[in-house]
Amino acid sequence: PKSRSMRDNPNPEVSAEELQFAGDNFARISGDAVNLAETQLFAWDATEKSATTEMHPQANPSQVELLKKKFQNKSAEIQIQKKRKVLDKYGGQEYLDG
């Protein structure tokens, strides 16, 4: 490993607009890196829960992204249905519109 890595911001007193280098951690939490990490976690979880198929985001990224989007859409639909059932059973829609 590097003995003098620059993970943290070396000049925290300088404003963000004037910085030339914000540290290596800045690149780790920006751009597409977060989405890539979420996709990798989704693939691991899906492979762990499903004994029949193995998903590999580097070998077949289109398949993993498609399955991730389907899963997110279905999850959102289920949450909406749960909310609708609770509101139909107990009421209270007028308090949510605030």
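Above this text is the structure in question.
Note on numbering: residues in each chain are counted from 1, in written sequence order. Residues qualify for local features only when their pLDDT is at least 70, as the model is predicted, and side-chain atom pairs are given and counted only at 80 or more; totals for whole chains, interfaces and linings, by contrast, use all residues. Only hydrogens and water are removed before side-chain values are computed, so all heavy atoms of the structure are retained for them.

Engineer: What's the story with the pattern of salt bridges in this structure? I'm lost.
Structural biologist: Oppositely charged side chains can pair when the atoms bearing their charge come close. We count a salt bridge whenever a side-chain nitrogen from Lys or Arg sits within 4 Å of a carboxyl oxygen from Asp or Glu. Across all of its chains, the model carries 1 salt bridge by this definition. In this structure, the salt-bridge partner of Glu38 is Lys68, at a minimum N-O distance of 3.9 Å. In this pair, Glu38 sits in helix H2 (residues 33-49) while Lys68 sits in helix H3 (residues 61-90), placing the two residues 30 residues apart along the sequence. Helix and strand assignments follow DSSP, with helices taken as H or I runs no shorter than four residues and strands as E runs no shorter than two, numbered in order from the N terminus.

Engineer: Just checking my understanding: could you explain the environment of Glu65 for this structure?
Structural biologist: Summarising the element assignment, Glu65 is placed in helix H3. Burial classes follow relative accessibility: with a 1.4 Å probe on protein chains only, a residue under 20% of its type's maximum area counts as buried, one over 50% as exposed, and anything between as partly exposed. Look at Glu65 and you get partly exposed, because its relative accessible area is 27%. Polar side-chain contacts of Glu65 include one of 2.9 Å to the side chain of Thr39. N or O atoms closer than or at 3.5 Å make up a polar contact, with two conditions inside protein: a donor-capable atom paired with an acceptor-capable one, and, for residues adjacent in sequence, both atoms drawn from side chains.

Engineer: It is not clear to me how the nonpolar core should be interpreted in this structure. Could you clarify?
Structural biologist: Looking at soluble globular proteins, one finds that nonpolar side chains tend to be buried together. Throughout, nonpolar core names a set of buried Ala, Val, Leu, Ile, Met, Phe, Trp, Tyr and Cys residues whose side chains join them through atoms within 4.5 Å. Listed in full, the 5 residues of the largest apolar core are Phe42, Ala43, Ala46, Met55 and Val64. Ranked by residues supplied to this core, first place goes to H2 with 3 residues. Val64 has contacts with Thr39, Phe42, Ala43, Met55, His56 and Pro57, leaving out every residue within four places of it along the chain. The contact criterion used is simple: two residues touch if any of their non-hydrogen atoms lie within 4.5 Å.

Engineer: Would you take a moment to explain H3 for this structure?
Structural biologist: Every α-helix carries 3.6 residues per turn, so stepping three or four residues along brings you back to the same face. One less than the number of residues in a helix, times 1.5 Å, gives the span that helix is expected to have. Here H3 contains 30 residues, and its C-alpha end-to-end distance of 43 Å stays within 8% of the 44 Å for a straight helix at 1.5 Å per residue. Buried residues of H3: Val64, Lys68 and Leu87, and no others. For H3, the secondary structure elements touched by its buried residues are H2 and helix H4 (93-96). The first or second residue beyond H3 is Gly91, which carries a positive phi of 80°.

Coordinates in, geometry out; function isn't part of it.
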